[in-house]
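# Observations on the three-dimensional arrangement
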Amino acid sequence: MIVANHQPQYLPYLGFFHKIRRCDHLVILDDVQFLDRGHQHRNQIKMQTGTQWLTVPVLRKRGQLIHDVMIDPTASWKHKHWAALVSNYSPAPFWKQLSPQLHAILVEQTFTHLLPLDLALLRWIMSVLEIDIPITLSSSLGVTSQSASEHHIGICRAVGADTY
């Protein structure tokens, strides 16, 4: 069994889905440190004039784990993200077909924590791409390790993987 371990991402890039299409099981690393400049809460989109960052505002605490990161409830970001996506992607093929589902997740739902938002987007995109593999949160596996390498090895053992 092939396992892929990956931190959650906000609107993951295409290579993320190439990686998980080639595996049998995806483990989301939610029990590792949140990276302030990482892609767990932000990503770039292509615009006609270059690129634009879409960043989910979060409440930062030094050394917090990804599953503990809260979305800033005072920030108004959903409609800005949606407007940027509509402005740049509405002419794309399948926009009319897929945008209602994306709108439902991104704008209509209320998320207090970042991880459930990232997971909802991930699961939706996986369904659109017809990627049907199990997803496990690393925090649910009870793996405790001192190093990143040991953590990955422990996760692979916990889910019965023979290939990483």
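Just so we're clear, the structure is a prediction, and the values are computed from it rather than from any experiment.

Moving on, we come to the overall build of the protein. Each helix and strand in the protein was counted, giving 5 helices and 7 strands. A compact globule built from 164 residues would reach a C-alpha radius of gyration of about 15 Å, and the protein, at 16 Å, matches this within 12%. Expressed as lengths along the three principal axes of its C-alpha atoms, the size of the protein is roughly 45 × 35 × 30 Å. Looking at the protein as a whole, 45% of its 164 residues are labelled buried. The long-range share in the protein, meaning contacts at least 24 apart out of those at least 6 apart in sequence, stands at 63%. A total accessible area of about 9400 Å² is found for the protein, and carbon and sulfur atoms account for 54% of it.

The largest bend along helix α3 (residues 95-108) measures about 30° and falls at Leu102. Inspection of α3 places Trp95, Ser99, Leu102, Ile105, Leu106 and Val107 among the buried residues, and these make up the whole buried set. Where the residues of α3 are buried, they touch α2 (78-89) and α4 (114-128).

Moving on: the packing of aromatic side chains. Using the criterion set out here, one finds 2 aromatic pairs in the structure. A ring pair is formed by Phe16 and Phe17, whose centres lie 5.4 Å apart and whose planes are at 70°; its orientation type is edge-to-face. Residue Phe17 is classed as buried on the basis of its relative accessible area, which comes to 5%. One cation-aromatic arrangement involves Arg42 over Trp53; the distance from NZ or CZ to the ring centre is 4.0 Å.

The strands making up a sheet associate through backbone hydrogen bonding, with each pair oriented either parallel or antiparallel. Across the sheet, 3 strands lie side by side as β1-β2-β7; this open sheet has parallel pairing. The open sheet is flanked by β1 (3-6) and β7 (135-137), the only strands paired with a single partner. For this sheet, the mean inter-axis angle between neighbouring strands, taken without regard to orientation, is 25°. Contacting β2 (25-28) and β7, α4 runs over the sheet at an angle of about 170° to β7.

It is worth spelling out the side chain of His6 at this point. You can see His6 is positioned in strand β1. Apart from residues no more than four positions distant in its own chain, His6 is found in contact with Phe16, Lys19, Leu26, Val27, Ile28 and Leu29.

Below, the discussion takes up the pairing of β1. Here β1 shows no split at all, with Val3 and Asn5 on one side and Ala4 and His6 on the other all buried. Bridge analysis of β1 against β2 gives 4 bridges, and the strand direction is parallel. Counterpart to Ala4 in the pairing with β2 is Leu26. Tracing the backbone out of β1, into helix α1 (residues 14-21) and back to the parallel element β2 gives a crossover that is right-handed.

Time to look at the packing of α2 against α3. Remark: α2 packs on α3, axes separated minimally by 11 Å, with the N-to-C direction vectors making an angle of 170°. Taken together, the axes of α2 and α3 are roughly antiparallel relative to one another. Between α2 and α3, the residues in contact are Lys78, His79, His81, Trp82, Leu85, Val86 and Tyr89 and Trp95, Ser99, Leu102, His103, Leu106 and Val107, respectively.

In this section: unusual backbone geometry. A negative phi holds for most residues other than glycine; trans holds for most peptide bonds. One non-glycine residue with positive phi stands out, namely Leu11, at about 50°. Looking at the element boundaries, Leu11 is found in the loop between β1 and α1. Positive phi, normally seen in glycine, also occurs at Phe94, with a value near 75°. With respect to the helices and strands, the residue Phe94 is situated in the loop between α2 and α3.

Definitions and cut-offs
Residues numbered from 1 in each chain as written. Predicted model: local features only at pLDDT ≥ 70, side-chain atom pairs only at ≥ 80, totals over all residues. Heavy atoms only, no water. Helix = DSSP H or I, 4+ residues; strand = E, 2+ residues; numbered from the N terminus. Rg over C-alpha atoms; globule rule 2.2 N^0.38 Å. Buried < 20%, exposed > 50% of the residue type's maximum accessible area, 1.4 Å probe, protein only. Contact = heavy atoms within 4.5 Å. Areas by Shrake-Rupley, 256 points an atom, 1.4 Å probe, with all protein chains shown as cover. Bend = angle between axes of the 7 residues up to and from the residue. Phe/Tyr/Trp six-rings, centres within 6.5 Å; stacked < 30°, edge-to-face > 60°. Lys NZ or Arg CZ within 6 Å of the ring centre and 35° of its normal. Pairing = 2+ DSSP bridges. Axes fitted to C-alpha atoms, helices over the stretch in contact; angles between N-to-C directions. Right-handed = clockwise from strand over helix to strand, strands pointing away. Parallel < 35°, antiparallel > 145°, perpendicular 65-115°, else oblique.

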